[in-house]
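Residue-level structural notes
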Amino acid sequence: MPREYFYSDTAASNFTPNCINNELTVAFGMNLHPQVVAAINELNSKGWRFFVVTQNRGRAYYRHKVITIPDWAYKRQATGNPGYLDWYVSHECAHAYRAEANDWAANHGDSFMEELVRICPDSSLKYELNYKPRNAIRNGITADGYVIPQHKIRLEDL
Ligand SMILES: [Zn+2]
């Protein structure tokens, strides 16, 4: 189960997290879904950096524009959870995009979930149900992918 701390450390442009898994960090992005790679590339262009770490949780260090992914997520994917890493990285990217939008109140609320649905491949969205089920369900995330939630259906679309 991913857990996160959101740090607000003093800015330091050369900040690097502890416990970097060099091998996986160098290869970061390999074998991820093109949709997720596109998000990573866009965030890279905005100054975000990604590190795979031998820690027990991922973190988004907003002030430093650094995202960490725990290396156990690779193992989780390799042991019968296809697309798990796509979801994990998408989840962290969604936090980064909300930070870029100065949406500091987003947390795991509606605007966060909309961002996640945009980034994460449909087939991997289900993993959010194990993490923030109430908000995920409210925002149309199901075991089979995204379904427009009732409260977002506009009358003019019917
Ligand atoms: Zn989160």
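Worth saying up front: this structure is predicted, and the values here are computed from it rather than measured.

Description of the overall build of the protein chain
When you go through the protein chain residue by residue, the secondary structure sums to 6 helices and 6 strands. A globule of 158 residues ought to have a C-alpha radius of gyration of about 15 Å, and the protein chain, at 16 Å, matches this closely. A total of 158 residues make up the protein chain; the buried ones form 31% of that total. Taking the contacts inside the protein chain whose residues are at least 6 apart along the sequence as the reference set, 59% of them involve residues at least 24 apart.

Description of the nonpolar core
By size, the foremost hydrophobic cluster in this structure holds 31 residues, and its most contacted members are C93, A96 and I119. For this core, the element with the most residues is helix 4 (residues 84-100), which contributes 8 residues. When neighbours within four sequence positions are excluded, I119 is seen to be in contact with Q35, V36, A39, S90, C93 and A94.

What about helix 5 (residues 110-119)?
F112, M113, E115, L116 and I119 are the residues of helix 5 that are buried. An end-on view of helix 5 places all buried positions within 160° of arc, on one side of the element. Elements that come into contact with the buried residues of helix 5 comprise helix 2 (34-45), helix 4, helix 6 (133-138) and strand 5 (141-142).

Describing the environment of I20
Structurally, I20 can be placed in the loop between strand 1 (6-7) and helix 1 (22-26). C-alpha of I20 to C-alpha of V53: the two residues are 33 residues apart in sequence and 4.3 Å apart in space. With sequence-adjacent residues up to four places away left out, I20 is seen in contact with T25, F51 and V53.

Overview of the packing of helix 4 against helix 5
Two elements in contact, helix 4 and helix 5, have axes whose closest approach is 9 Å; the angle formed by their N-to-C orientations is 125°. As far as their axial angle goes, helix 5 and helix 4 are oblique. Handedness of the helix 4/helix 5 crossing: right-handed. Within the contact between the two elements, helix 4 uses S90, H91, C93, A94, Y97 and R98 and helix 5 uses S111, F112, E115, L116 and I119.

Here's the deal with the environment of H151
Structurally, H151 is set in the segment after strand 6 (145-146). For the pair formed by H151 and R134, sequence separation is 17 residues and the distance between their alpha carbons is 15 Å.

So, how was this worked out
- Residues numbered from 1 in each chain as written.
- Predicted model: local features only at pLDDT ≥ 70, side-chain atom pairs only at ≥ 80, totals over all residues.
- Helix = DSSP H or I, 4+ residues; strand = E, 2+ residues; numbered from the N terminus.
- Rg over C-alpha atoms; globule rule 2.2 N^0.38 Å.
- Buried ≥ 20, exposed ≤ 12 C-beta atoms within 10 Å, placed from the backbone.
- Contact = placed C-beta atoms within 7 Å.
- Core = buried A, V, L, I, M, F, W, Y, C linked by C-beta atoms within 7 Å.
- Arc of directions from axis to C-beta.
- Axes fitted to C-alpha atoms, helices over the stretch in contact; angles between N-to-C directions.
- Parallel < 35°, antiparallel > 145°, perpendicular 65-115°, else oblique.
- Left-handed = near helix turned anticlockwise from the far one by under 90°.

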